[in-house]
Amino acid sequence: MRITPCQAALAAAIALNLLLLLCSRLVPTASPQCHHPRRGAVPEAVPGVTVILRDFDGPDHDVAATARSFASLPGVPVLVAAEVSPYPPVPLPAGVTVLSLRPEPHRPPPRPELAVRTRHVALVPDDARAVPGLLRRMRDVLEATSDATIKVVAAAVGQRRPRCLSLEVDIKAWTARYGHADHQSDHKSDQKSDHHGDLCGALDGAPAVLLLRTRDLFSLPFPLSRPVVTSLSLQAATRGWRLLLLPATFPLSPRPPLSPHALWRAQTALDAHRRALLEDFGVKLEVLPDGSRRWHGCAKDTPRCFGTVRWQTPEYLLAGRWTPPCCLRALRATARHVLAQLEASGIRHWLEGGTLLGAVRLGDIIPWDYDVDVGLYLEDVPKCPWLAQVASSGGPVEDPEGFLWEKAAEGEFFRVHFSRANRLHVDLWPFYVRPGSALMTKDTWLGHRQDVEFPESFLVPLGTVPFAGAVAKAPNDPRAFLEFKFGPGVIENPEYPNPGVRRL
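Residues numbered from 1 in each chain as written. Predicted model: local features only at pLDDT ≥ 70, side-chain atom pairs only at ≥ 80, totals over all residues. Heavy atoms only, no water.

- The chain has the name Ribitol-5-phosphate transferase in an unreviewed UniProt entry, where Setophaga kirtlandii is given as its organism.
- Database annotation for the chain, UniProt heading Sequence similarities (unreviewed entry): "Belongs to the LicD transferase family." (UniProt positions renumbered as here; feature names shortened; annotations may be inferred.)

**A closer look at the nonpolar core**
Reasoning step 1: Residues Leu 351, Leu 387, Trp 405, Leu 428 and Phe 467 are the most contacted members of the largest nonpolar core, which totals 61 residues.
Reasoning step 2: The biggest single contributor to this core is helix 8 (residues 325-345), with 9 residues.
Reasoning step 3: In this structure Leu 387 touches Leu 342, Ile 347, Leu 376, Val 381, Trp 405, Phe 414 and Leu 428, once residues within four positions along its chain are discounted.
Reasoning step 4: Val 49, Val 76, Met 138 and Leu 244 belong to the second largest nonpolar core, which has 33 residues in total. (Core = buried A, V, L, I, M, F, W, Y, C linked by side-chain atoms within 4.5 Å. Buried < 20%, exposed > 50% of the residue type's maximum accessible area, 1.4 Å probe, protein only. Helix = DSSP H or I, 4+ residues; strand = E, 2+ residues; numbered from the N terminus. Contact = heavy atoms within 4.5 Å.)

**Observations regarding the packing of aromatic side chains**
Reasoning step 1: Evaluation of the coordinates by the stated rule reveals 13 aromatic pairs.
Reasoning step 2: Centroid distance Phe 413 to Trp 429: 4.0 Å. Interplanar angle 20 degrees. Geometry classified as stacked. Residue Phe 413 is located in the loop between strand 18 (404-407) and strand 19 (414-417), and its partner Trp 429 is located in strand 20 (residues 425-433); the two are separated by 16 residues in the primary sequence.
Reasoning step 3: Classification of Phe 413 by relative accessible area gives buried; the value is 1%.
Reasoning step 4: Ring centres of Phe 454 and Phe 481 lie 5.0 Å apart, and the angle between their planes is 80 degrees; this geometry places the pair in the edge-to-face category. Of the two residues, Phe 454 is situated in strand 22 (residues 454-455) and Phe 481 in helix 11 (residues 478-486); the sequence distance between them amounts to 27 residues.
Reasoning step 5: For Phe 481, a relative accessible area of 0% translates into the label buried.
Reasoning step 6: Put simply, the rings of Trp 350, Tyr 377, Phe 431, Phe 454, Phe 458, Phe 481 and Phe 484 pair up and form one aromatic cluster.
Reasoning step 7: The aromatic ring of Phe 418 is capped on one face by Lys 300, whose charged end is 4.3 Å from the ring centroid. (Phe/Tyr/Trp six-rings, centres within 6.5 Å; stacked < 30°, edge-to-face > 60°. Lys NZ or Arg CZ within 6 Å of the ring centre and 35° of its normal.)

**Quick look at the state of the cysteines**
Reasoning step 1: One pass over the structure, following the stated rule, counts 1 disulfide.
Reasoning step 2: What pairs with Cys 164 in a disulfide is Cys 200, and their sulfur atoms sit 1.9 Å apart. Of note, the bridge from Cys 164 to Cys 200 carries an S-S torsion of about -115 degrees and is left-handed in sense. Note that Cys 164 is positioned in strand 6 (residues 163-170) and Cys 200 in strand 9 (residues 196-200), a separation of 36 residues in sequence.
Reasoning step 3: Under the relative-accessibility criterion, Cys 164 is labelled buried at 6%. (Disulfide = S-S within 2.5 Å.)

Right, dumping it as structure tokens:
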């Protein structure tokens, strides 16, 4: 049978299409013609170091000169990472790319990891100046070490050397504890290497260049958060990583000193970045190397650190955390204030429920509790001026120390808040003897385990227990009282308030 030219052309086209289809399915990386990368795919890393400039703020930044210095190194890409382009506008060197980190409604979400094609990345602070060969040396030290915990190699910028600290981050307790690191100046990153340095859990007090593997940087939840050294230190600590601080240094730009106003503006920006970082990271307390404490949250003028409590379970318990330490601090202060006011007014009162349980078990508030419960005699309420005002007016009353006394919306009891803004509180439960019995009862029951009537004999006479740095009134037999309310063994077998929702 003769084949016409049209049939031959059609057969050739079909064969060519089949060949292209086979190529794309079976040999996806054989040639550029057969392979088209997926959009958003991370490119394969190539040898080298990419410099990222992140820690800078305008308008007194030195980004252009810093970028120019590092871009002069052969084969070193430079990225300027920022939510917005540096302001005021500056002429960046050829080849330096601005990497936008701000999501925009008309663009795909930022994927900074796609812009880094090298196996290593260096986070460089503003005002640093390049040293030929130093980035390569830092990379070689990182790759030569046999210590798998060393994930970051650092070098100081300028004459001031960063402090080398130890760092422990307790996620459950919202706490970062810094200490003085055991300097290991004779540490060798490998048995065959002569590179010395200090092993650190964190760096503080001076700028530094941080070099790490690209895959490690972008495995972090906050890879480019500021301040960069603080952010990397916190995230490294949660993963058991350590930083190796080399004796080598990068020069610092010899710029004229900033004006007092510019210094204030720079410090304000740094403090704002640090607060935002710690908020994102969930750190409410920093314990510094000298033992002093830096608190974040739960001041008189700030809201409390968690939302509405449902089913006796605050939201932080569902996240695997305990009460933020700043909240416990504010609760202790509120409890001591309320107990002192009740004592001064001659009101018979005692620690109730889980608060008494914490006092007997720990001498303090239970680490996952979110309020303090105090029982009192209903007939004694008028003795306290603040309670008397609330009872007569029905409205809240703020005392001279800023604590807010009010009637609870949930029923016939009172509540004392840390402040108008911060609703951490002590609940005051008025009890009275039920007529015709010797049992203490009250008018509002919320369905908690401890919501049961109990013999008045537990309160006659009242006893005391250590609590929150003070001595508080309590039932005369705390163990028997607690076991009457919660069941045998309650002191030795702690549980969350609602084990059905979350177990300890």
